[in-house]
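# Commentary on secondary and tertiary structure
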Number of protein chains: 4
Amino acid sequence: MENLHSILEGNGRGRRTGEVINSFLAILILLNVVAVVIGTLNTFSSQHAELLHGFQVFSLAVFSLEYVLRVVTCIRHRAGRYTHPVTGRLRYMLSPLALLDLIVILPFYLSIFVGVDLRFLRVFRLLWMLKLMRYLPAMGTLGIVVRRERGTLGTILVLLLVMCFTASTLVYFFERDVQPESFGSIPHAMWWGIATLTTVGYGDVVPHSPLGKMLGGLIMLSGIAMFAMPAGILAAAFAEEAKRKNFIVTWNLVAQVPFFSHLSAREIARIADLLHPRTFMPNEVILHRDEDAGSMYFIVSGKVEVETDPGPVMLGKGDFFGEVGLLYTGKRTATVMSLSYVELLELDLGDFRRLLGANPILKERITQEADRRLSRSDSVYQAAG
Amino acid sequence: MENLHSILEGNGRGRRTGEVINSFLAILILLNVVAVVIGTLNTFSSQHAELLHGFQVFSLAVFSLEYVLRVVTCIRHRAGRYTHPVTGRLRYMLSPLALLDLIVILPFYLSIFVGVDLRFLRVFRLLWMLKLMRYLPAMGTLGIVVRRERGTLGTILVLLLVMCFTASTLVYFFERDVQPESFGSIPHAMWWGIATLTTVGYGDVVPHSPLGKMLGGLIMLSGIAMFAMPAGILAAAFAEEAKRKNFIVTWNLVAQVPFFSHLSAREIARIADLLHPRTFMPNEVILHRDEDAGSMYFIVSGKVEVETDPGPVMLGKGDFFGEVGLLYTGKRTATVMSLSYVELLELDLGDFRRLLGANPILKERITQEADRRLSRSDSVYQAAG
Amino acid sequence: MENLHSILEGNGRGRRTGEVINSFLAILILLNVVAVVIGTLNTFSSQHAELLHGFQVFSLAVFSLEYVLRVVTCIRHRAGRYTHPVTGRLRYMLSPLALLDLIVILPFYLSIFVGVDLRFLRVFRLLWMLKLMRYLPAMGTLGIVVRRERGTLGTILVLLLVMCFTASTLVYFFERDVQPESFGSIPHAMWWGIATLTTVGYGDVVPHSPLGKMLGGLIMLSGIAMFAMPAGILAAAFAEEAKRKNFIVTWNLVAQVPFFSHLSAREIARIADLLHPRTFMPNEVILHRDEDAGSMYFIVSGKVEVETDPGPVMLGKGDFFGEVGLLYTGKRTATVMSLSYVELLELDLGDFRRLLGANPILKERITQEADRRLSRSDSVYQAAG
Amino acid sequence: MENLHSILEGNGRGRRTGEVINSFLAILILLNVVAVVIGTLNTFSSQHAELLHGFQVFSLAVFSLEYVLRVVTCIRHRAGRYTHPVTGRLRYMLSPLALLDLIVILPFYLSIFVGVDLRFLRVFRLLWMLKLMRYLPAMGTLGIVVRRERGTLGTILVLLLVMCFTASTLVYFFERDVQPESFGSIPHAMWWGIATLTTVGYGDVVPHSPLGKMLGGLIMLSGIAMFAMPAGILAAAFAEEAKRKNFIVTWNLVAQVPFFSHLSAREIARIADLLHPRTFMPNEVILHRDEDAGSMYFIVSGKVEVETDPGPVMLGKGDFFGEVGLLYTGKRTATVMSLSYVELLELDLGDFRRLLGANPILKERITQEADRRLSRSDSVYQAAG
């Protein structure tokens, strides 16, 4: 049951199966969107009415099952802490994504009791698109950036509206006598104003008087600023966000190394400070067999090849190598080559030893960890040590 | 009276009440804008003429009262210095925002003496939108960035106009015989030119000759550059501005700490240099109870939880912790955890002590401050010390 | 004569007068552009034919005089080196800006000998806009950035054209039977293709078939990428250019200090490395009278106020202060406050002394310089020392 | 034969000739595109049918020859390793660019055996544009950036589609009764939705109801965000990519220096770390003759002039100078001036010596290299030493 939940959430051991199921669900959502859209074509919907209805019932059943399974199988919640079976599930049911799952299927069940326009209900399935949020990994980044810059972006929006109001009022005075049907009131003129300021420019309503045209030209030029400003603000914000993400990558890399995993956050932060970024071009030798071991490496990006005896082993993002050499052998026991442009974090021997000296618990833990590795003859680490 | 002024300005002790009042004023402005816009719809304005007029009179009364109160209650001005009651108020009345407040209500009073078209007067209320400037925090940033890049942005504007003139002249030669009513003169052709260069593209006027169309294609491509250039310039400028703001945040953080608040700017700048940025992931332990106290921390962003005895205390942006441990206990007396992604500034014990050694006045002040804290049993700082 | 040239070029001692003259010339250019544009309005040009012709003759005379003066007064050229009167002037005449000045007035003189359509000649004055280049300071930055990124921008242009060709060919197949007059050949279809890809969207030609509309939707989406790509590239390029400019500012600041002005470039580069950026908020005390003098400062941006005895002195960008204290008094003799957000470069006492120790010539020069300053009682530097 | 291949690939010794041939091929591709496009104009194609056909046959012959030559002359492949004549050529034939070369000419040969619409075949030549990929150097950078940001960009695309679906559904409900022919179904309404969201705004279909127009205004505003978001993301990504490229430049500079060329990647990475960036303004003296030699320099960008005895020598990007002075003379033997804004990487004498001390093989190699240079009297290096 716990496994089933982790499959549905697409994490833990059930990741692969979860990805398949989630892909199926995402495709089902998209098919429903297509069905709703095509269903409004009269020629199509009258011919395939039964097919469309059947598909709606099938989809509803699948998403209802999905919701029930998600709730029922939810035993552990939030950072793996066991919670009470009832309160834990209730808390899950109140989480935003679970609430969304419920809200988008509820109307179909309510319609059995309450009379609802079936046509409207059919179109309502478009809201199932909101379930796609779950599958968009970059939503978080976009949200953070927009929220951080909400003050500046909001100010630009207000400026844009102020300009739109001003332009529409002016054009109303210039054009109301010439074209009373298009510019007879400010709300009418605003239709032209917003279309011009956003550079959409339908052309269904266009000023005819010379003053109106000159104002139009000014508004079009302002439209460029209205595009350039938010683009500039978001560019700066995304650049800062990228820096923050790089830190998280470094942090996670350090926390991932087995014998660092039990360190406190402050100790990890200290180690993260000791790491020096190193970058290698493709097909360069990073470590030479029988060289003196002077440091260990964590891979931030790219791929390296460890030339071990049974055959070459490839290491990628998040892997590390060179630590056995620091602890025991003193010499590199295998050659490591870069396969692509590689970014590494290097921990020097000196810093490594100072860390152990200041921290007897860490020292003991590392010795145990290294012994375990050597004894199980882990060829990768031993070789690359 | 002083309080009333700080309420209206939305700062100092009256901040909360001021926010409520200012929100009310902002909404009143927006409602007036809506009233003006809807008022130009003949069907609506004839039906609700009295309501609209009553609302105008009410709004005018409110903004008149606001202006009078702002002027009358202005006792202290500029960095809290007391000024002469009359000259101080006159100086306030000449400040840009106060002048604006006056100018936008003046015409309504003048109209009593001078005959003004009432319709125009009604629409004049749109200028009240300018009062919104007071409530747009990012206006300053936008202004700084645009002013700093005015040379580059102005050059692009000139380039755009040069291109517009050139394109319009060429299309005038290509099209004047084919479409004399649309391209009969360069000013006529410019209406097409600016609409094409800004990618608005109304389509009310379109070249018909092959040469005119080829020129049109070129102008459209140039339009992309005219968008990309200012966006690129502003992106670089906003990124630099963000750096400047980060410095101001750090500075203010240091200046906020009680026993740093009386330092000179140069000393604060020195301390700001001694601070090391530290970043923590959510749910990480920053300080452990009973650990050796090695540094104090200032929170730049994010939230931390101090696990004190009566119950957990949350600290946020601008707060600091860990300084009592540096001064007296030598050990941490509580655990501090990050609740979100947290950015801290760390001041190491060594730097902290060197600062005190070199500055006996600072040392005395700090000792007094810490004594005060300990004696009033401020659980947060004591615990987190 | 030399002065006259420096006035025309707007540099050296004649800067102020030069600015006035150049503003007059720029306005004259713009007035000519307006005259050309308005002159194509038949109603206007027939009424004011003589006025327009007179203005053209007057402008031509002014620009001819400007060209002759620029050439005749050109004695010194390029970094102040005196050149031979004839070859120097010839070389100046072949410089791009001088050639442009000649080319745009030449046709009017040639037209006396050769028969040219007078109407065309009148419009030819639009080329005088090119003379505005001289007055656009940011042209250089834009040129550098565009040239540095020409590879990437060119690739995007090729991609855009490839997409335009592909889209036009496909829409030609989809629409040629439905709308043979609009999509009857690929060149016809390209008019739609380029207008859609650049998001101009005239709407004079629009696909009617479902396939054509789906293709149109795809092309519109691609249009977004075609805007975002160059904006992104230029943003990164402008950010790098800003860094380069900052270096030039620092360099010039150091080279500006009298006793550094005779150093070699390598020595200036070394000193530039020793400078630490310091930033101050408005109204902060940077130096306190009677404090120990520990460093000297160069102003990168912002304004500071030196509270000297006769009255406060304001220093701005490029000024420096605090060096007399380093050399003689050992104490600050005046208080320096920031008036705005100030960026300074600080040179510490240690680095300052090491510089002198390693460089006896510099030491002698500095001593002489400081003596000169103290003897002429330069209140600013003495006070701020 | 090997030479012929390197000419075709435009690298190695045959670079110059290769550039000419490749320019010819690129122009031939573009001429074919123009021929296809113009060929669909009935008036033109009927008049010049034979010319067009002849040009098609000629082009086909050239590209067939190009393909055969590329395959036949391919002896060495991938990093200069000799491969088996048959398997090597097969592997080359399966590389993406070679496959593309084959695919775009194959249909013309197949058409001899299979009956194909000749008109379609003619238009098929547009695909030859894909061969231009080979000549677009920035394709790689664009590809890397887009691939790295594919998650974020994909999320924005999904958001855009969700907004398009939502807007189209809403406008369908608002407008289907007013304009059944334009908004009679959601697919019909989507034509308006996508044109509005991308700010294309044809204006052939426009909402008439007040609700539809308000929705339209909202969609237009969202369109701005849809442009600003990807522009911002790509700006941050291009800035990071620029940093990565700078590293590669530094790396290649170091690896280019003859006596570093045999170092391992790790040693090059170490040396790259020891290099200090130095920047000089145009016309500054970098090295003075007879000064003490304290460091050697690598040119990252810009040009310098070495004032040697026979005449000045210009060095550019990738060149280096000052190393002979470090090894033998101890003094600079020539003056080096910057001709433009120059970025250098400086290797200090101390680091240079430590490198030699720790690495006897390197020391021997350097001595040999320097001897070779001095003996062949390489004036540039000797002078600049």
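Up top is the structure.
The structure presented is a predicted model; accordingly, all values stated were derived computationally and were not measured. (Residues numbered from 1 in each chain as written. Chains lettered and ligands numbered in written order. Predicted model: local features only at pLDDT ≥ 70, side-chain atom pairs only at ≥ 80, totals over all residues. Heavy atoms only, no water.)

### Observations regarding the interface of chain B and chain C
If you look at the interface, chain B gives 55 residues, while chain C gives 51 residues. In total, about 4,400 Å² of surface goes out of reach between chain B and chain C, with carbon and sulfur atoms giving 75% of it. Run the count over chain B and chain C and you get zero salt bridges. Listed by contribution, the elements that provide at least two residues to the side of chain B that touches chain C are helix 9 (150-175), helix 11 (186-197), helix 12 (210-256) and helix 13 (265-274) of chain B. Residue contributions to the side of chain B that touches chain C peak at 21 residues, all from helix 12 of chain B. (Contact = heavy atoms within 4.5 Å. Buried area = accessible area lost by both parts, 1.4 Å probe. Salt bridge = Lys/Arg side-chain N within 4 Å of Asp/Glu carboxyl O. Helix = DSSP H or I, 4+ residues; strand = E, 2+ residues; numbered from the N terminus.)

### Examining the packing of helix 4 (residues 49-72) of chain A against helix 5 (residues 85-93) of chain A
Between two packed helices, the angle of one axis relative to the other and the distance separating the axes together describe the packing. Residue and element names in this part refer to chain A. Contact pair helix 4 / helix 5: the axes reach a minimum separation of 9 Å and the direction vectors enclose 135°. It follows from the interaxial angle that helix 4 and helix 5 lie oblique. Of the residues in helix 5, those in contact with Tyr67, Arg70, Val71 and Val72 of helix 4 are Arg89, Tyr92 and Met93. Broken down by class, the residue content of the contact of helix 4 with helix 5 amounts to five nonpolar, no polar and two charged. (Axes fitted to C-alpha atoms, helices over the stretch in contact; angles between N-to-C directions. Parallel < 35°, antiparallel > 145°, perpendicular 65-115°, else oblique. Nonpolar A, V, L, I, M, F, W, Y, C, P; charged D, E, K, R; others polar.)

### Concerning the pairing of strand 9 (residues 335-338) of chain C
Residue and element names in this part refer to chain C. Where burial is concerned, the two faces of strand 9 agree: the one with Thr335 and Met337 and the one with Val336 and Ser338 are both buried. Strand direction decides the pairing type here: strand 4 (residues 285-287) and strand 9, joined by two bridges, are antiparallel. Its bridge partner being in strand 9, Val285 is matched across the sheet by Met337. Note that strand 6 (residues 304-307) and strand 9 share four bridges and pair antiparallel. Paired with Glu307 across the bridge in strand 9 is Thr335. (Buried < 20%, exposed > 50% of the residue type's maximum accessible area, 1.4 Å probe, protein only. Pairing = 2+ DSSP bridges.)

### Side note on the side chain of Ser295 of chain C
Residue and element names in this part refer to chain C. Looking at the secondary structure, you find Ser295 in strand 5 (residues 295-301). Polar side-chain contacts of Ser295 include one of 3.3 Å to the side chain of Tyr297. Within the local environment of Ser295, its side chain forms a polar contact with the side chain of Glu346, the two groups lying 2.7 Å apart. Residue contacts for Ser295: discarding those within four places in its chain leaves Gly322, Leu326, Arg332, Glu346, Leu347, Asp348 and Leu349. (Polar contact = N/O pair within 3.5 Å; in protein donor to acceptor, adjacent residues only side chain to side chain.)

### Quick word on the packing of helix 9 (residues 150-175) of chain D against helix 11 (residues 186-197) of chain D
Residue and element names in this part refer to chain D. Closest axis-to-axis distance for the helix 9/helix 11 pair is 8 Å, and the angle between their directions is 125°. By the angle between their directions, the pair helix 9 and helix 11 is classed as oblique. Every pair of crossing elements has a handedness; the one defined by helix 9 and helix 11 is right-handed. Here helix 9 contributes Leu160, Met163, Cys164, Phe165, Ala167, Ser168, Thr169, Val171 and Tyr172 to the contact with helix 11, which in turn contributes Ile186, Ala189, Met190, Trp192, Gly193, Ile194 and Leu197. Of the residues belonging to the contact of helix 9 with helix 11, the class tally is 13 nonpolar, three polar and no charged. (Left-handed = near helix turned anticlockwise from the far one by under 90°.)

### Observations regarding helix 11 of chain B
Residues and elements named next belong to chain B. An ideal rise of 1.5 Å per residue puts 16 Å on twelve residues; helix 11 measures up with 15 Å between its terminal C-alpha atoms. The buried count for helix 11 comes to nine of twelve residues, which makes it a mostly enclosed element. Looking one or two residues beyond helix 11, the residue adopting positive phi is Thr199, at roughly 60°. (Expected span 1.5 Å × (residues − 1).)

### Considering the pattern of salt bridges
Residue and element names in this part refer to chain A. One pass over the full model with this rule turns up 16 salt bridges over all chains. Across the pair Glu66 and Arg70 runs a salt bridge, and its minimum N-O distance is 3.0 Å. Linking Glu66 with Arg70, this pair stays in helix 4, spanning four residues, or about one helical turn. Taking relative accessible area as the criterion, Glu66 reaches 5% and is therefore assigned buried.

### Details of the relation of the copies chain B and chain C
Here the second copy of the chain follows from the first by a rotation about an axis and a shift along it. With an RMSD of 0.3 Å, the operation that places chain B on chain C is a rotation of 90° combined with a shift of 0.0 Å along the axis. Here the two chains are linked by the operation of a four-fold rotation axis. When the interface residues of chain B are mapped onto chain C, a mere 13% of them are again interface residues, pointing to distinct binding faces. (Least-squares fit on C-alpha atoms with pLDDT ≥ 70 in both.)

### A few points about a nonpolar patch on the surface
Residues and elements named next belong to chain A. Taken together, the side chains of Leu106, Tyr109, Leu110, Ile112, Phe113 and Val114 present a nonpolar region at the surface, about 640 Å² in accessible area. Mapped onto the fold, Leu110 is located in helix 6 (residues 96-113). A relative accessible area of 46% means that Leu110 is categorised as partly exposed. (Patch = residues over 30% accessible without salt bridge, like charges linked within 9 Å, V, L, I, M, F, W, Y side chains within 5 Å. Areas by Shrake-Rupley, 256 points an atom, 1.4 Å probe, with all protein chains shown as cover.)

### Quick look at the environment of Leu28 of chain A
All names here are of chain A. Locating Leu28 in the fold gives a position in helix 2 (residues 15-39). Sequence separation of Leu28 and Ser222 is 194 residues, and the distance between their C-alpha atoms is 43 Å. Residues in contact with Leu28, not counting those within four places in the same chain, are Phe55, Phe58, Ser59, Val62 and Phe63.

### With respect to unusual backbone geometry
In the Ramachandran plot, Thr199 of chain C falls in the positive-phi region, its phi being about 60° despite a non-glycine side chain. On the basis of relative accessibility, which here comes to 1%, the residue Thr199 of chain C falls in the buried class.

### Focus: the sheet that holds strand 9 (residues 335-338) of chain A
Residue and element names in this part refer to chain A. Strands sit in the order 4-9-6-7 across an open sheet of four strands; the sheet is antiparallel. Each edge of the sheet is formed by a strand with only one pairing partner; in this case those strands are strand 4 (285-287) and strand 7 (312-315). Averaged over neighbouring strand pairs, the angle between their axes works out to 30° when direction is ignored. Inspection of the sheet shows strand 6 (residues 304-307) paired to strand 7 by four bridges, in the antiparallel sense. In the strand pairing of strand 7, Val304 is matched with Leu315.

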